[in-house]
Amino acid sequence: MRRHTILSRLFAFKNHINYPINRSIHTMKTDKYPLDAPSLEELAQKLKPALASNYTHSSVSVETCPDLRKSPFHLATEGLTRDERIADVGGQPNLFPSPRLECKYSLPALAQAMEMDPKRGSLIGAGAGPFHVLGTNSELAPNLNWENGFEHINNQTHFAKINKPDGKVSVQKCPSTDCALMINLFGSAGLPGPVLKITARGRTGSFKSFSECIRHALNAAYGDERPISLGGAFVIKSGRSHYHVMPDFPSKPFESAKQLNEWLTYHDFEAPIVCLSVLHSADPGKAMGLRMEHTHCFSAEGENKGGHYHYDEGGDVEYEAYFNTAKAIYRIDRPEVTLERDLHD
Ligand SMILES: [Zn+2]
């Protein structure tokens with residue numbers, strides 16, 4: 001690393017609110033990968049046995065999406081249908097071994113990079129919050145839609161951060177449509193239409209994570225060569241679940257993944273909690289450098305519950321989920337290096 005780069009990063013650690021460089025639609029490299037998505041009916045049949053073996057009660061069906069703007073989901077968008085696509089933007093190498101604070105993104109610019117229709121659309125997912133706006137690193141649950149242009153945004157995005165004085169989690173509505181470092185997004189026109197409805201209750205199996213249970217079932221059904229990519233939302237209706245929230249950036253680079261895992265803060269929260277999720281069953285030959293699963297959560301009741309979903313604590317946990325398939329993946333501003341695996345479990 002050249003000397004001036006090190007100096008500018010050290011400067012950035014101290015003054016990250018005013019760090020000047022931003023990623024724009026003109027400077028982000030975007031690769032598009034079309035997907036061959038099976039029918040929702042076929043997916044429902046493939047998923048049923050995996051859910052049944054992990055939970056005492058489960059169902060998988062194809063149904064018309066309920067209005068997801070209503071309780072308990074509180075999404076900005078009514079549905080998850082038409083022009084369905086997924087973006088994987090930046091990545092964990094933008095955090096490890098040292099945060100690349102020049103990687104700041106605008107969600108409307110990412111929607112443009114995803115070739116979304118400015119007339120109407122929505123984005124949901126999981127990523128890192130806009131530290132340059134919020135003054136601290138955070139977990140972002142992007143949740144927004146637009147009509148008649150990307151400048152007309154209904155922003156229902158939440159972020160979870162660590163309060164510096166007491167170390168407690170704070171979950172709030174995000175005043176910005178920016179994000180940073182890495183983000184995984186499911187985009188659609190946001191219309192009502194057929195989707196996968198998955199319910200599960202009473203976990204008895206070994207997949208502690210609901211989204212990983214679905215992801216592994218897809219991988220088992222379709223193998224390592226055919227990626228099936230889903231995006232959607234689920235509500236944890238009962239039970240206790242485990243999350244992490246990134247604290248503010250460290251004062252020096254991480255020396256190991258173990259050190260990064262010790263830097264993260266871990267929390268258990270009782271339901272209800274809303275989760276926004278993006279997952280892929282495969283990344284053949286790591287050609288796309290994808291993060292395979294990413295789920296961020298928030299309390300719709302204004303409670304300080306949220307962050308990066310890891311898994312439930314079992315027992316009386318209950319899930320209700322709506323997912324749709326992506327028809328293309330947009331790999332945007334991919335870091336030069338690809339990590340062998342997720343930095344955390
Ligand atoms: Zn996360």
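Residues numbered from 1 in each chain as written. Predicted model: local features only at pLDDT ≥ 70, side-chain atom pairs only at ≥ 80, totals over all residues.

## Quick word on the overall build of the protein
Our working definition: Secondary structure follows DSSP: runs of H or I at least 4 residues long count as helices, runs of E at least 2 residues long count as strands, and numbering of each begins at the N terminus. What the globule rule says is 2.2 Å times the number of residues to the power 0.38, and the radius of gyration is computed from C-alpha atoms. By the convention adopted here, residues make contact when the C-beta atoms placed from their backbones lie within 7 Å.
Helix and strand counts for the protein come out as six helices and 20 strands. Relative to the globule expectation of 20 Å for 345 residues, the C-alpha radius of gyration of the protein, 19 Å, shows essentially globular dimensions. In terms of overall dimensions, the protein has a C-alpha envelope of 55 × 40 × 40 Å along the principal axes. In the protein, 81% of the contacts between residues at least 6 apart in sequence involve partners at least 24 apart.

## Let's talk about unusual backbone geometry
A cis amide bond links Ser71 to the next residue, Pro72, at an omega of 5°. Tracing the chain through its elements places Pro72 in the loop between strand S2 (55-64) and strand S3 (85-90). In this structure, the amide linkage connecting Phe96 to the following residue, Pro97, adopts the cis form with an omega of 5°. When you line up the elements, Pro97 lands in the loop between S3 and strand S4 (104-106).

## Topic: the confidence of the model for the protein
Just so we agree on the cut-off: Think of pLDDT as the predictor's per-residue confidence, scored from 0 to 100.
Of the residues in the protein, 92% have a pLDDT of 70 or more, and the chain-wide mean is 92. Every residue in residues 1-21 is under pLDDT 50, and counting partners more than four places away or in other chains gives 16 contacts.

## A short note on the environment of Gly79
To keep things clear, this is the line we draw: Residues with at least 20 other C-beta atoms within 10 Å of their own are called buried, those with 12 or fewer are called exposed, and the rest are partly exposed. The C-beta atoms themselves are positioned from the backbone.
Structurally, Gly79 can be placed in the loop between S2 and S3. For Gly79, a count of 23 C-beta atoms within 10 Å gives the class buried. The sequence separation of Gly79 and Ser58 amounts to 21 residues, and the corresponding C-alpha distance is 22 Å.

## Describing the sheet that holds strand S17 (residues 293-298)
Worth spelling out the cut-off: Note on pairing: DSSP must find at least two bridges between two strands before they are called paired. Working convention: axes come from line fits to C-alpha atoms, limited for helices to the stretch in contact. Angles between N-to-C directions cover 0 to 180 degrees.
Across the sheet, nine strands lie side by side as S2-S12-S19-S13-S16-S17-S18-S14-S15; this open sheet has antiparallel pairing. Only two strands of the sheet have a single neighbouring strand rather than two, namely S2 and strand S15 (265-270). Averaged over neighbouring strand pairs, the angle between their axes works out to 30° when direction is ignored. For strand S16 (residues 273-280) and S17, the ladder comprises six bridges, and the chain directions are antiparallel. Each residue of the ladder has a partner; that of Ser277, found in S17, is Thr295. Contacts from helix H2 (residues 40-54) reach S2, strand S12 (194-203) and strand S19 (315-325) within the one sheet, and its direction differs from that of S2 by about 165°.

## Side note on the pairing of strand S14 (residues 240-245)
Of the two faces of S14, only the one carrying Ser241, Tyr243 and Val245 is buried; Arg240, His242 and His244 on the other face are not. Across six bridges, the pairing between S14 and S15 is antiparallel. Across the sheet, residue His242 finds its bridge partner in S15, namely Asp268. Relative to strand S18 (residues 306-312), S14 runs antiparallel, the two being bridged by four bridges.

## Considerations on the nonpolar core
How we decide: Each nonpolar core consists of buried Ala, Val, Leu, Ile, Met, Phe, Trp, Tyr and Cys residues. Their C-beta atoms, within 7 Å, join them into a set.
By size, the foremost hydrophobic cluster in this structure holds 86 residues, and its most contacted members are Leu110, Leu185, Ala233 and Cys275. Sort the elements by how many residues they give to this core and strand S11 (residues 178-188) lands first, with seven residues. Leaving out residues up to four positions away in the same chain, Leu110 has contacts with Ala87, Val89, Tyr105, Leu185 and Ile332.

## So, the packing of H2 against helix H5 (residues 210-222)
The test is simple: Just so you know how the angles are binned, under 35 degrees is roughly parallel, over 145 roughly antiparallel, 65 to 115 roughly perpendicular, and the rest oblique. In this scheme, a crossing is called left-handed if the near helix is turned counterclockwise away from the far one by less than a right angle; it is called right-handed if the turn is clockwise. Here the nonpolar group is Ala, Val, Leu, Ile, Met, Phe, Trp, Tyr, Cys and Pro; Asp, Glu, Lys and Arg are the charged ones; every other residue, Gly included, is treated as polar.
Taken N-terminus to C-terminus, the directions of H2 and H5 make an angle of 135°; their axes are 9 Å apart at the nearest point. Relative to H5, the element H2 lies oblique. Two packed elements cross with a definite hand, and for H2 against H5 that hand is right-handed. Between H2 and H5, the contacting residues are Lys46, Leu47, Ala50, Leu51 and Asn54 on the first element and Cys213, Ile214, Ala217 and Ala221 on the second. Of the residues that constitute the contact of H2 with H5, the class distribution is seven nonpolar, one polar and one charged.

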